[in-house]
Amino acid sequence: MTNNQHNTKYQPAAMLLLLLLPGVVHSTSSTDPAFIKECLDMHNKIRAAHSAPPLTWDARLADVAQRYSATCPTGHSMTPGLGENLAGGYATATEALQAMWDERQLYNWNDPKFSKEAGHFTAIVWRDTTHVGCGMTDCSHIGDGNGNHFGNSFVCEYTLHGNVEGLFPQNVIPEGGKPPPKSDQGPPGSPPDNNNLNSGEVSGAPAAATARPWGVVAVTVMLLVWGFAGVLRR
């Protein structure tokens, strides 16, 4: 099934969801060193093939991913400032990430922009993304009423999030290709609107940069000071 999450600034990609029979899934903790290594190794293998720098594991993102995975979701969390990829029914993180990488065959390299068919892939290889955290939960106890059961729920959260319109040419590089020179990277994309980001999914949830609340805090403080000064003047 697909989950299309569109807004005027970000277009998350589609969610992968496969149904598997019970008995072929397992749970994995986001704090398990073997799981962390598996997720990082596969992400960075894919990114290296597309001239993207390696990602760093973020325990906070992993905790968010694990908590959301534990809900056995069928749609995106819409967490502000984060990119998100979802996959269901895969036995391992490597299998889920391989399926997302396979989406590169559906990406239109002649027209680089968001595509729900390839949104997981573009979220993974987005060059400006720096950190990732993933989680996996056994959701085989949940069925569709027709004898089919969900398998593992695999979730990854990203910062900075990708899938930002206008920034695809410099962030999504063909296999074995080279990123364009800085001078050819075009105008910056729209700033995050604090809706769902990267992603992906694509929830790949998309994002150009993690939303920072400091500007809001600064304006609030200025207004409070101004108001207090007005009271004193009275």
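Quick notes on the rules
Residues numbered from 1 in each chain as written. Predicted model: local features only at pLDDT ≥ 70, side-chain atom pairs only at ≥ 80, totals over all residues. Heavy atoms only, no water. Helix = DSSP H or I, 4+ residues; strand = E, 2+ residues; numbered from the N terminus. Areas by Shrake-Rupley, 256 points an atom, 1.4 Å probe, with all protein chains shown as cover. pLDDT = per-residue confidence, 0-100. Contact = heavy atoms within 4.5 Å. Buried < 20%, exposed > 50% of the residue type's maximum accessible area, 1.4 Å probe, protein only. Pairing = 2+ DSSP bridges. Salt bridge = Lys/Arg side-chain N within 4 Å of Asp/Glu carboxyl O. Core = buried A, V, L, I, M, F, W, Y, C linked by side-chain atoms within 4.5 Å. Axes fitted to C-alpha atoms, helices over the stretch in contact; angles between N-to-C directions. Parallel < 35°, antiparallel > 145°, perpendicular 65-115°, else oblique. Left-handed = near helix turned anticlockwise from the far one by under 90°. Nonpolar A, V, L, I, M, F, W, Y, C, P; charged D, E, K, R; others polar. Polar contact = N/O pair within 3.5 Å; in protein donor to acceptor, adjacent residues only side chain to side chain.

Quick look at the overall build of the protein chain now. A count of helical and extended segments in the protein chain gives six helices and nine strands. Counting only carbon and sulfur atoms, one obtains 60% of the accessible surface of the protein chain, whose full area is about 11,200 Å².

Before going further, it helps to spend a moment on the confidence of the model for the protein chain. Across the protein chain, pLDDT averages 74, with 64% of residues at or above 70. Contacts of residues 1-26 to residues separated by more than four positions or lying in other chains number 110 contacts, the stretch itself having pLDDT below 50. Segment residues 185-234 is flagged for pLDDT under 50; beyond a separation of four residues in sequence, or across chains, it makes 145 contacts in the model.

Further remarks concern the pairing of strand 7 (residues 152-159). For strand 7, a buried count of eight out of eight residues is recorded, marking the element as mostly surrounded by other parts of the structure. When strand 4 (residues 83-88) meets strand 7, the two strands line up antiparallel, connected through five bridges. Along strand 7, the bridge assignment pairs A87 with F154. Two elements, strand 5 (residues 131-138) and strand 7, share eight bridges in a ladder whose sense is antiparallel.

Moving on, we come to the pattern of salt bridges. Across all of its chains, the model carries six salt bridges by this definition. A salt bridge links D63 to R67, with the shortest nitrogen-to-oxygen separation between them at 2.8 Å. Highlighted residues: D63 and R67, both in helix 2 (residues 59-69), separated by four residues, approximately one helical turn. Given the relative accessible area of 35%, D63 is considered partly exposed. Looking at R67, the relative accessible area reads 58%, which means it is exposed.

Membership of the largest hydrophobic core comes to 34 residues, with the highest contact counts inside it found for F35, W57, V132, C134 and F154. Going through the elements one at a time, helix 1 (33-49), helix 3 (93-101), helix 4 (119-125), strand 5 and strand 7 are the ones with two or more residues in this core. The contacts of F154, once residues within four sequence positions are left out, are F35, C39, N85, L86, A87, A93, A96, L97, M100, C134, G135 and M136.

Before going further, it helps to spend a moment on the packing of helix 1 against helix 3. It is at 9 Å that the axes of helix 1 and helix 3 come closest, and there the two elements cross at 20 degrees. The pairing of helix 1 with helix 3 is recorded here as roughly parallel in orientation. By crossing handedness, the relation of helix 1 to helix 3 is classed as right-handed. The segment helix 1 lies against helix 3, with F35, E38, C39, M42, H43, K45, I46 and A49 engaging A93, T94, L97, Q98 and W101. A breakdown of the residues in the contact of helix 1 with helix 3 according to their chemical character gives eight nonpolar, three polar and two charged.

The next thing to look at is unusual backbone geometry. Of note, the amide linkage connecting T159 to L160 takes the cis form, showing an omega dihedral of -20 degrees. Along the chain, the position of L160 falls in the loop between strand 7 and helix 5 (168-171). A positive phi angle, near 50 degrees, is found at C72, a position not held by glycine. Tracing the sequence through the fold places C72 in the loop between helix 2 and strand 4.

Along the chain, the position of K116 falls in the loop between helix 3 and helix 4. K116 sits in the partly exposed class, given a relative accessible area of 33%. Here the alpha-carbon distance between K116 and E103, two residues 13 residues apart in the chain, equals 9.8 Å.

Let us look at the side chain of N163. Within the secondary structure layout, N163 lies in the loop between strand 7 and helix 5. Here N163 falls in the buried class, since its relative accessible area comes to 0%. At a separation of 3.2 Å, a polar atom in the side chain of N163 contacts the main-chain carbonyl oxygen of G119. A distance of 2.6 Å separates a polar atom in the side chain of N163 from a polar atom in the side chain of T122.

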